[in-house]
Amino acid sequence: MASTSDDPRNFTLREESGEETSVFTGQMPRQAALKAARKLDPADSEAQASREEFRLREKGTKKLHIYEGWAWHEQAPEDRPDWMPETITQANVSKEGIEYLDEL
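Everything in this summary refers to the structure shown in the same document. Throughout this document, residue positions are counted from 1 along each chain, in the order its sequence is written. With the structure being a predicted model, the display of local features is reserved for residues of pLDDT at least 70 and the display and counting of side-chain atom pairs for 80 or more, all residues being used for whole-chain, interface and lining totals. With hydrogens and water set aside, each side-chain value is computed from the structure's full complement of heavy atoms.

By definition, two strands form a pair when at least two bridges between them are found by DSSP. Each helix corresponds to a stretch of at least 4 residues labelled H or I by DSSP, and each strand to a stretch of at least 2 residues labelled E; elements are numbered beginning at the N terminus. Of the strand pairs in this sheet, strand β3 (residues 52-58) and strand β4 (residues 63-75) are connected by 6 bridges, and their pairing is antiparallel. From the neighbouring strand, E53 faces β4, where its bridge partner is E68. What sits between the antiparallel neighbours β3 and β4 is a turn of 4 residues, in which G60 has the positive phi angle 85 degrees. The pairing of β4 with strand β5 (residues 87-100) spans 13 bridges and is antiparallel. Bridge assignment links W72 to a residue of β5, and that residue is Q90.

Rendered as structure tokens:
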């Protein structure tokens, strides 16, 4: 079965040691990167957030997507659903580039 652009893709968080820990799903690498960035230690505001570099490898490939990400706490919107807490974690990412692994 051929994949389409609507199919979710899996990306693993790759440590410096080459160990792959968490898996994030998204249709595009940036979508998975935003999910990964929310797991960073959040600051009190976006201006105070420290930027951290991380790498995501698309499962089934040797392609590493390199991102700089940061996270912060923010007040939830006034019209938030009942299950949502008053403070939420927001994140943003900036793509730094792509590398190709020689081997897995």
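Take helix α1 (residues 29-37) next. Each residue is assigned to one of three classes by its accessible area relative to the maximum for its type, calculated with a 1.4 Å probe on protein chains only: buried under 20%, partly exposed between the two thresholds, exposed over 50%. Residues P29, A32, A33, L34, A36 and A37 constitute the buried set of α1. Every residue pair with non-hydrogen atoms within 4.5 Å of one another is taken to be in contact. Check the buried side of α1 and you find it contacts β1 (9-14), β2 (20-26), β3, β4 and β5.

Note that β1 and β2 share 5 bridges and pair antiparallel. Note on β2: the bridge partner recorded for N10 is T25. Alignment of β1 against β3, held across 4 bridges, turns out to be antiparallel. Residue pairing in the sheet places R14 in a bridge with R55 of β3.

With that settled, the discussion passes to the pattern of salt bridges. Whenever Lys or Arg places a side-chain nitrogen within 4 Å of a carboxyl oxygen from Asp or Glu, that contact is recorded as a salt bridge. Scanning the model with the defined rule gives 6 salt bridges in all. Between R57 and E20 there is a salt bridge, with its nearest N and O atoms 2.5 Å apart. Of this pair, R57 sits in strand β3 while E20 sits in strand β2, placing them 37 residues apart in sequence. Since its relative accessible area comes to 7%, R57 is described here as buried. With a closest N to O distance of 3.3 Å, R51 and E68 form a salt bridge. Note that R51 is positioned in the loop between α1 and β3 and E68 in strand β4, a separation of 17 residues in sequence. Taking the relative accessible area as the measure of exposure, E68 reaches 24% and is therefore partly exposed. Residues joined in a network through salt bridges with shared partners are R14, E20 and R57.

A few words now on the nonpolar core. It is characteristic of soluble globular proteins that their nonpolar side chains tend to be buried jointly. In these notes, a set of buried Ala, Val, Leu, Ile, Met, Phe, Trp, Tyr and Cys residues joined through side-chain atoms within 4.5 Å is what counts as a nonpolar core. Counting residues in each nonpolar core, the largest one holds 15 residues, and the members touching the most others are F24, A33, A37, F54, L56 and V93. Those elements that place two or more of their residues in this core are β1, α1, β3, β4 and β5. Broken down by element, this core gets its largest block of residues, 5 residues, from α1. Ignoring sequence-local partners within four residues, the contact set of F54 consists of L13, A33, A36, A37, H65, I66, Y67, E68, G69 and V93.

Note that all results are geometric; they support no functional claim without further evidence.
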